[in-house]
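So you can see what is in the structure, the chains are spelled out below.
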Amino acid sequence: MTAHQPPPLTGIRVLEFAGLAPGLLLADYGATVLRLDRAAAGLTSDQLTRRKTSICVNLKSPSGLALIKKLIPKVDVLIDPFRPGVLEKAGLSPEEVLLKLNPRLIVARMTGFRRDGKYSHMAGHDINYIAVSGVLSLFGRQGEKPYPPGNVVGDFAGGGAMCFLGILLALLAREKSGVGQVVEANMVDGSAVLATMPRLGKKTQVWGGDRGTNMLDGGAPYYDTYETKEGRFVAVGAIEPQFYAALLKGLQLTPSDLPGDRDNKADWPKLKAFFTTVFKTKTRAEWEQIFDGTDACCTPVFTQADLEAQGFEQRPAVTLRDTPGLAIAEGGEGRPAAVGQGKGYEGSGWVEKGLVPGEGGKDTLALWTGWAEGRQYVEEGGGLVWKDGAKL
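We now turn to the structure provided with this report. Computed from a predicted model, the values in this text were never measured in an experiment.

## Structural notes on the packing of aromatic side chains
As enumerated under the stated definition, the model contains 13 aromatic pairs in all. Aromatic pair Phe139 and Tyr147: ring centres 6.5 Å apart, planes at 50°, arrangement tilted. Overall, the relative accessible area of 25% leaves Phe139 in the partly exposed class. With 6.5 Å between their ring centres and 80° between their planes, Tyr244 and Phe275 make a pair best called edge-to-face. Of the two residues, Tyr244 sits in helix α9 (residues 241-250) while Phe275 sits in helix α10 (residues 268-279), which places them 31 residues apart along the sequence. Phe275 matches Tyr244 in its accessibility class, with the two residues each being buried. Members of the aromatic cluster, connected to one another through ring pairs, are Tyr222, Tyr226, Tyr244, Trp268, Phe274, Phe275, Phe279, Trp287 and Phe291. Its end group placed over the ring of Tyr244, Arg262 keeps NZ or CZ at 4.7 Å from the ring centre. One residue, Lys282, lies across the ring of Trp287, its end atom 5.8 Å from the ring centre.

## So, the packing of helix α6 (residues 152-177) against helix α7 (residues 187-194)
Packing of α6 against α7 brings their axes to within 8 Å, and their N-to-C directions diverge by 95°. One way to sum up the angle between α6 and α7 is to call them roughly perpendicular. Facing Val153, Gly154, Asp155, Ala157, Gly158, Gly159 and Met162 of α6, the residues of α7 in contact are Met187, Gly190, Ser191, Val193 and Leu194. In terms of residue class, the contact of α6 with α7 is made up of six nonpolar, five polar and one charged.

## What about the pairing of strand β4 (residues 77-80)?
Going residue by residue along β4, you find Val77 and Ile79 tucked away on one face and Leu78 and Asp80 tucked away on the opposite face as well. Note that strand β1 (residues 13-17) and β4 share three bridges and pair parallel. When the bridges of β4 are listed, Val14 appears paired with Val77. Pairing between β4 and strand β5 (residues 106-111): four bridges, direction parallel. For Val77, the partnering residue across the bridge sits in β5 and is Ile106.

Basis of the calculations
- Going along each chain's sequence as written, the residues are numbered from 1 onward.
- Predicted model: local features are reported for residues with pLDDT of at least 70 only, side-chain atom pairs are reported and counted for 80 or more only, and whole-chain, interface and lining totals are derived from all residues.
- Only hydrogens and water are set aside when side-chain values are computed; all heavy atoms of the structure are taken into account.
- Stacked, edge-to-face and tilted are the three classes for Phe, Tyr and Trp ring pairs, Trp counted by its six-membered ring, which pair at centre distances within 6.5 Å; planes under 30 degrees apart are stacked, over 60 edge-to-face, the rest tilted.
- The cut-offs for exposure are 20% and 50% of the maximum accessible area for each residue type, with area from a 1.4 Å probe on protein chains only; residues under the lower value are buried, those over the upper are exposed, and the others partly exposed.
- We count a stretch as a helix when DSSP gives it H or I for four or more residues in a row; a strand needs E for two or more, and each element gets its number in order from the N terminus.
- By definition, being over a ring means that NZ of Lys or CZ of Arg is both within 6 Å of the ring centre and within 35 degrees of the ring normal.
- Interaxial angle, 0 to 180 degrees, is taken between N-to-C directions of lines fitted to C-alpha atoms, where a helix line uses only the stretch in contact.
- In these notes the angle categories are as follows: under 35 degrees is roughly parallel, over 145 is roughly antiparallel, 65 to 115 is roughly perpendicular, and the rest is oblique.
- Contacts: residue pairs with any heavy atoms within 4.5 Å of one another.
- Each residue receives one of three labels: charged for Asp, Glu, Lys and Arg, nonpolar for Ala, Val, Leu, Ile, Met, Phe, Trp, Tyr, Cys and Pro, and polar for the others, Gly being one of them.
- DSSP-based pairing: two strands are paired if at least 2 bridges between them are found.

What follows is the structure in structure tokens.
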């Protein structure tokens, strides 16, 4: 096995204001991420603290603000997860202050609503962002209200992952131009892009019906989940005719056994009711044994508890063969690139030990800047501040 080169973001320094942000992905691919937290007792509420360190700084303190300004020339990326205007009010305007202190800085700003929309100064959560983007209206069963798919689509996919993409694009642009820039991401536009296929599909037969009546949203009998004998579930995605034929073979059925035609949408409810009965005749494990290794597109619906019990290995989001990300699951060195390099992280991606505000951050400051407590900065009121008269 060839030795891996360091992860692609090795050497990139990220200063992350505490909040929901893409810092976890940056850290997984080698960046050093330092969180700016408010002084507080106990762990932060953020569960995305893998490989991060923290310092506490009071933004309302002139000396605390001075410390941040002294730090800006030392970093590559600053992540702003606040509502519009918060950084400016704190005296850290990206254009007027931050980029003048460090022209190579990338300021990644992530909001929920659009920065220029009518909701821009309102509070909101994932459900609100995907609601006004039109995406929430796509989720739900026929005749039922829209339901929120956790906070995956807005917070993490449309927000964090899209902001991560923006940071990478800005880093790529900096390689050519030598200068940084402001990256603006929001969960409304991010989630809307992720829903491009169903949005365009609304103009076609694929997704043109009411919510829950279409091929890919639970309307089709060959693209849905079914309960098994013991109350677990399997997922069926046998869209193409050859896959549907393999599904019927595993169910020990022929087309003549069915109460309708899969190509006739009017028959879909009858077929779904029929398949519901059939799948309840065996356990999930029995169906798994039947369909494993076939092209029936029928798989078990595993729960998190199932995966943990099976020893399912958490891996980096994408595999880079020569410069893989850092391993998540604990283990030995020299593993395949898909698993990630290094020994992994405590908890193996199943448990996050959390991060106490201020934990490890002074060591990160020393590595980035050479600063030492008492020389360049001191602790005041639970937060770090720049020491008067200190030299860089």
